[in-house]
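If you want the building blocks of each chain, they are given just below.
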Amino acid sequence: MGQIIAIDYGSKRTGLATTDDMQMIASGLDTVPTEKLITFLKDYMIFNKVEAFVIGEPKRLHGEASEIEIQIKPFIETLKKEFPTQEIHRIDERFTSKLAFDTMLASGISKKKRRNKGLVDKISATLILQDFLQYRN
């Protein structure tokens, strides 16, 4: 078994989360500039076995696709080309940014750290991965 990486794709930066090798626990991995995402993943996969990717599917309240989906689709094609043996899954990511902020608030993270959008992206990716793990089971 290998890890599963969740991707909270953004136009400027992307939040990442990963499971343990047994695919039981989701943990925040990093937030990287989106233009460096493929390079980051290639470097990460040198030392870690990755079985699949889970990419958040941003939707509006009534279920229609968000504007960022226009950028996500070509990214998925690149991901398929660069990592042809890894499965790619999509999961609805509505409200993950709000839940991430609420999680930071509830855990007592300082106001200064809550302004760190990279932290929000990493927590959002973790929530996406947790949802995927629950859905799969």
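Here, the structure is the one placed above.
Engineer: Would you mind going over the sheet that holds strand 3 (residues 26-33) in detail, with residue names and values included?
Structural biologist: Strand order in the open sheet formed by 5 strands is 3-2-1-4-5, with mixed pairing between adjacent strands. Two strands lie at the open edges of the sheet, namely strand 3 and strand 5 (87-92), each paired on one side alone. Averaged over neighbouring strand pairs, the angle between their axes works out to 25° when direction is ignored. Note that strand 1 (residues 3-8) and strand 4 (residues 50-57) share 5 bridges and pair parallel.

Engineer: If you had to explain unusual backbone geometry to someone new, which residues and values would you point to?
Structural biologist: The backbone phi angle of Q23 is positive, close to 60°, even though this residue is not glycine. Within the element layout of this structure, Q23 appears in the loop between strand 2 (13-19) and strand 3.

Engineer: Provide a residue-level description of the nonpolar core, including the pertinent values.
Structural biologist: Within soluble globular proteins, side chains that are nonpolar generally end up buried alongside one another. Formed by 19 residues in total, the largest nonpolar core has its most connected members in I5, I7, L37, L41, F53, F75 and L79. Secondary-structure elements contributing two or more residues to this core are strand 1, helix 1 (37-47), strand 4 and helix 2 (69-82). Core analysis: the second largest hydrophobic core is formed by 12 residues, A17, A52, L129 and L133 among them.

Engineer: Outline the packing of helix 1 against helix 2, listing residues and values.
Structural biologist: For the pair helix 1 and helix 2, interaxial distance at closest approach is 11 Å and the crossing angle is 30°. On the basis of the axis angle, helix 1 is roughly parallel to helix 2. Seen along the crossing, helix 1 lies across helix 2 with a hand that is right-handed. Here helix 1 contributes L37, I38, L41 and K42 to the contact with helix 2, which in turn contributes F75, T78, L79 and E82.

Engineer: So what about the pattern of salt bridges? Which residues, and what values?
Structural biologist: Enumeration according to the criterion identifies 4 salt bridges in this entry. Here E69 and R90 are joined by a salt bridge, their closest N and O atoms 2.8 Å apart. Separated by 21 residues along the polypeptide, E69 in helix 2 and R90 in strand 5 bring together distant segments of the chain. Of the residues examined, R90 reaches a relative accessible area of 28% and is grouped as partly exposed. With its nearest N and O atoms 3.5 Å apart, the salt bridge here joins E77 to K80. One end of the pair, E77, and the other, K80, are both in helix 2, 3 residues apart, so they sit about a helical turn from each other. Residue E77 is classed as partly exposed on the basis of its relative accessible area of 45%. Overall, the relative accessible area of 43% leaves K80 in the partly exposed class.

Engineer: Explain helix 2 to me, using residue names and the numbers behind them.
Structural biologist: End to end, helix 2 covers 20 Å across 14 residues, agreeing with the expected 20 Å (1.5 Å per residue, within 8%). Those residues of helix 2 that sit buried are E69, I72, F75, I76 and L79. Mapping the buried residues of helix 2 onto a view down its axis gives an arc of 110°, with all of them on the same face. Along helix 2, exposed side chains directed more than 90 degrees from the buried face belong to I70, K73 and K81. Looking at the packing, one finds that the buried side of helix 2 touches strand 1, helix 1, strand 4 and strand 5.

Engineer: Hey, could you go over a nonpolar patch on the surface for me, with residue numbers and the actual values?
Structural biologist: Judged by side-chain polarity, M22, M24 and I25 come together as a nonpolar surface patch covering roughly 370 Å² of accessible area. Within the secondary structure, M24 is located in the loop between strand 2 and strand 3.

Reading guide: rules and limits
- Residues numbered from 1 in each chain as written.
- Predicted model: local features only at pLDDT ≥ 70, side-chain atom pairs only at ≥ 80, totals over all residues.
- Heavy atoms only, no water.
- Pairing = 2+ DSSP bridges.
- Helix = DSSP H or I, 4+ residues; strand = E, 2+ residues; numbered from the N terminus.
- Axes fitted to C-alpha atoms, helices over the stretch in contact; angles between N-to-C directions.
- Core = buried A, V, L, I, M, F, W, Y, C linked by side-chain atoms within 4.5 Å.
- Buried < 20%, exposed > 50% of the residue type's maximum accessible area, 1.4 Å probe, protein only.
- Parallel < 35°, antiparallel > 145°, perpendicular 65-115°, else oblique.
- Left-handed = near helix turned anticlockwise from the far one by under 90°.
- Contact = heavy atoms within 4.5 Å.
- Salt bridge = Lys/Arg side-chain N within 4 Å of Asp/Glu carboxyl O.
- Expected span 1.5 Å × (residues − 1).
- Arc of directions from axis to C-beta.
- Patch = residues over 30% accessible without salt bridge, like charges linked within 9 Å, V, L, I, M, F, W, Y side chains within 5 Å.
- Areas by Shrake-Rupley, 256 points an atom, 1.4 Å probe, with all protein chains shown as cover.

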